[in-house]
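Structural features, examined
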Amino acid sequence: MITASHNPIQDNGVKVVEPLGEMLVPQWEGLSTELTNASIEDLPSVLSSIVQSTGCDFHQPAKVAIARDTRPSGVRLAAVLVKALELMKAEYTDYGILTTPQLHYVVRCVNTNGAFGAPTERGYYQKLAAAFHSLIPKSMAGPARVRLDGANGVGAGKVKSLMQHIRGDALVVEVCDDESGTLNDKCGADYVKSQQAAPPNLQYSVGDRCISFDGDADRIVYFYQDTGRRFHLLDGDKIAALAAGFIAEKLRALNSDLTIGVVQTAYANGSATAYLL
């Protein structure tokens, strides 16, 4: 995945997806850093060292899935990657502009031979829509309404495509991105969290539900304002705690003996961990 996430538009980088759609394992993070920091002259020897230390089998055909966010530099970087893959005689599929979660999904689908879903952008929307519709009533008095800050990035357009598969009586998402705006400039999840304020281009009222993505749409924060017009942020830790609490409440009502597990990252707030425990 060619992206620099929440960084400014002039930056770019790479995220690597494991074969079943997981995050890159820690061992390969170190090796990737070593490779990135190698000079052109040292590149062959560093590559050879990595191959030997990991036991890579060059007789196994390589298959690579490529995607990028909306940064202008992504076009050239993707072209360079394609040239490198062709020189290495690797199979590849360039999926063009996707969110990072979409690429994770596609990789898993490809490597499970479609058992997880159709390895296409449309398949991603259909799987999410089916899961969403299974969780809500078959008829609703009115749709839930959400205002979205897509960081002026790839997430805004993809949400619009997703909404074509979502029942209109269940959910309405208003995308508030500035069509002439710059990626991650005074918008996006990192801006909202650091500034403790809504992006200037998103106007909202008391009771409005608002969310922000980062540049490649693999991070989300939720925010609202109370009757005193005070800003409130629900980051990943708070969202996880609310979800766990909701599920626990339902299990208690069923007198179920099931237990709940919550997975947190190394970035998790210690207070959130203490609350969950």
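Quick note: structure is the one above.
These numbers were taken from a predicted model, which means no experiment stands behind them.

Our focus in this paragraph is the nonpolar core. In terms of nonpolar packing, the biggest core is built from 16 residues, with I166 and F213 touching the most fellow members. Counting only elements with at least two residues in this core, the list comes to α4 (100-111), α5 (121-135), β3 (144-149), α6 (154-163) and β5 (209-213). In this structure, F213 is in contact with L148, D149, G150, A151, G155, V159, G188, A189, R219 and I220, ignoring residues within four places of it in sequence.

Once that is clear, we can look at the sheet that holds strand β4 (residues 171-175). Taken in spatial order, the five strands of this open sheet run β4-β3-β5-β6-β7, and their pairing is mixed. In this open sheet, the two edge strands, each paired with only one partner strand, are β4 and β7 (231-234). Sheet twist, expressed as the mean angle between neighbouring strand axes with direction ignored, is 30°. α6 rests against β3, β4 and β5 of the sheet, and its axis sits at about 155° to β4. Relative to β7, helix α8 (residues 236-253) is tilted by about 75°, and along the sheet it contacts β6 (220-225) and β7.

On to the pattern of salt bridges. Using the criterion set out here, one finds ten salt bridges in the structure. With a shortest N-O distance of 2.7 Å, D218 and K15 are connected by a salt bridge. Taken together, the residues span a long stretch of sequence, with D218 in the loop between β5 and β6 and K15 in the segment before α1 (26-36) at a distance of 203 residues. Taking relative accessible area as the criterion, D218 reaches 37% and is therefore assigned partly exposed. K15 sits in the partly exposed class, given a relative accessible area of 25%. One salt bridge connects R71 with D69, and the closest N-O pair in it is separated by 2.8 Å.

This part takes up the side chain of D214. Within the secondary structure layout, D214 lies in the loop between β5 and β6. As a buried residue without a salt bridge, D214 has its nearest oppositely charged side chain in K15, at a separation of 4.8 Å. Engagement of the side chain of D214 in a polar contact is seen with the side chain of S5, the distance being 2.9 Å. One polar contact links the side chain of D214 to the main-chain amide nitrogen of D218, over a distance of 3.0 Å. Not counting chain neighbours up to four residues away, the residues in contact with D214 comprise S5, H6, G150, A151, N184, A189 and R219.

Turning our eyes to something else, we now look at helix α3 (residues 73-87). The end-to-end C-alpha distance of α3 is 22 Å, a good match for the 21 Å that 15 residues give at a rise of 1.5 Å each. Every buried residue of α3 is accounted for by G74, A78, V82 and L85. Projected onto a plane normal to the axis of α3, the buried residues spread over an arc of 75° and lie on a single side. Exposed and oriented more than 90 degrees from the buried face of α3 are R76 and L87. As for α3, its buried residues are in contact with β1 (63-68) and β2 (91-97). A positive phi of about 55° marks K89, the residue just after α3.

For the rest of this paragraph, the subject is the environment of S32. For S32, the location among the structural elements is in helix α1. Classification of S32 as partly exposed rests on a relative accessible area of 26%. Once the C-alpha coordinates of S32 and G142 are considered, the two residues, 110 residues apart in sequence, prove to be 49 Å apart.

Summed over all chains, the structure comprises zero disulfides. Free of any disulfide, C176 has its nearest cysteine sulfur in C210, 7.2 Å distant. Look at C210 and you get buried, because its relative accessible area is 0%.

Under the counting rule described, the total for this entry stands at five aromatic pairs. Taken together through their ring pairs, the aromatic side chains of Y105, F116, Y124 and Y125 make up a single cluster. Over the ring of F116 we find R108; its NZ or CZ atom is 4.8 Å from the centre of that ring. Directly above the aromatic system of F116 lies the positively charged group of K127, at a separation of 4.3 Å from the ring centroid.

The rules we used
- Residues numbered from 1 in each chain as written.
- Predicted model: local features only at pLDDT ≥ 70, side-chain atom pairs only at ≥ 80, totals over all residues.
- Heavy atoms only, no water.
- Core = buried A, V, L, I, M, F, W, Y, C linked by side-chain atoms within 4.5 Å.
- Buried < 20%, exposed > 50% of the residue type's maximum accessible area, 1.4 Å probe, protein only.
- Helix = DSSP H or I, 4+ residues; strand = E, 2+ residues; numbered from the N terminus.
- Contact = heavy atoms within 4.5 Å.
- Pairing = 2+ DSSP bridges.
- Axes fitted to C-alpha atoms, helices over the stretch in contact; angles between N-to-C directions.
- Salt bridge = Lys/Arg side-chain N within 4 Å of Asp/Glu carboxyl O.
- Lys, Arg positive; Asp, Glu negative; His and termini not counted.
- Polar contact = N/O pair within 3.5 Å; in protein donor to acceptor, adjacent residues only side chain to side chain.
- Expected span 1.5 Å × (residues − 1).
- Arc of directions from axis to C-beta.
- Disulfide = S-S within 2.5 Å.
- Phe/Tyr/Trp six-rings, centres within 6.5 Å; stacked < 30°, edge-to-face > 60°.
- Lys NZ or Arg CZ within 6 Å of the ring centre and 35° of its normal.

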